[in-house]
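One-letter residues, chain by chain:
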Amino acid sequence: MMIRLEHINIVIKDIQRSLTFYQAAFPEWKVRDSGESEWFGVQRNWCHFGDDTSYLTFNDDADSIARDHHGHQAGISHLGFESSDLEALKSRLAEAGFTPHTVGNQHPFRHNHYYYDPDGIEVEFVQYFSDNVSERNSML
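Summarised in this report is the structure supplied together with it. Source: prediction; values computed, not measured.

**Description of the pairing of strand β5 (residues 79–82)**
Residues L79 and F81 of β5 are buried on one face, while the alternating residues G80 and E82, pointing to the opposite face, are not. Where β5 and strand β8 (residues 122–128) come together, 4 bridges link them in parallel fashion. The residue of β8 that forms the bridge with E82 is V126.

**Points about the sheet that holds strand β1 (residues 7–11)**
Read across the open sheet, the 4 strands follow the order β1-β4-β3-β2; overall the sheet is mixed. Each having just a single partner strand, β1 and β2 (30–39) make up the two edges of the open sheet. Going from strand to strand, the sheet's axes swing by 20° on average, the running direction of each strand aside. As defined by bridge partners, β2 adjoins strand β3 (residues 42–50) across 9 bridges and the pair is classed as antiparallel. Each residue of the ladder has a partner; that of G35, found in β3, is W46. Packing of helix α1 (residues 15–25) onto the sheet brings it into contact with β1, β2, β3 and β4 (55–59), and relative to β3 it is tilted by some 15°.

**Overview of the packing of aromatic side chains**
For the structure shown, the criterion picks out 12 aromatic pairs. Taken together, a centroid distance of 4.8 Å and an interplanar angle of 85° make the contact between F21 and Y22 edge-to-face. Assigned by exposure class, F21 and Y22 land together as buried. On the numbers, 5.0 Å between centres and 85° between planes, the contact of F21 with F98 is edge-to-face. Taken as a pair, F21 in helix α1 and F98 in the loop between α2 (86–95) and β6 (102–103) lie far apart in primary sequence, 77 residues in all. For F98, a relative accessible area of 14% corresponds to the buried category. Within the aromatic cluster, the residues linked to one another by ring pairs are F21, Y22, F26, W29, F49, F58, F81, F98, Y115 and F125.

Reading guide: rules and limits
- Residues numbered from 1 in each chain as written.
- Predicted model: local features only at pLDDT ≥ 70, side-chain atom pairs only at ≥ 80, totals over all residues.
- Heavy atoms only, no water.
- Buried < 20%, exposed > 50% of the residue type's maximum accessible area, 1.4 Å probe, protein only.
- Helix = DSSP H or I, 4+ residues; strand = E, 2+ residues; numbered from the N terminus.
- Pairing = 2+ DSSP bridges.
- Axes fitted to C-alpha atoms, helices over the stretch in contact; angles between N-to-C directions.
- Contact = heavy atoms within 4.5 Å.
- Phe/Tyr/Trp six-rings, centres within 6.5 Å; stacked < 30°, edge-to-face > 60°.

Set out below in structure tokens:
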């Protein structure tokens, strides 16, 4: 049996503003489809952004801010993505106006940076420097 993550559905305030961040992070991805829908009496626009097998769905009907990342509310703490070139990703995001709010601890087998997207959703990008799972996952 195989299970893989196909998509993540995110409620945001402004699709174009979110695309600025995510297109810089994932330059090979594209808008797969978009449209309008109604969700419990509220009209919203939606957008699927990704590749042929995985994508992010953006819905522009957010009526509050993201959860407090220093608090203990239920919900997603952050999204984590692996990059093969963290420095190039960091440069693209900087060109788009985004800087990491936290740089992970120095680790010999991985580096990671944490960003807030335009809606305050935390996104981690990690690059591994070993194929050895025990090295990659070690807490040194």
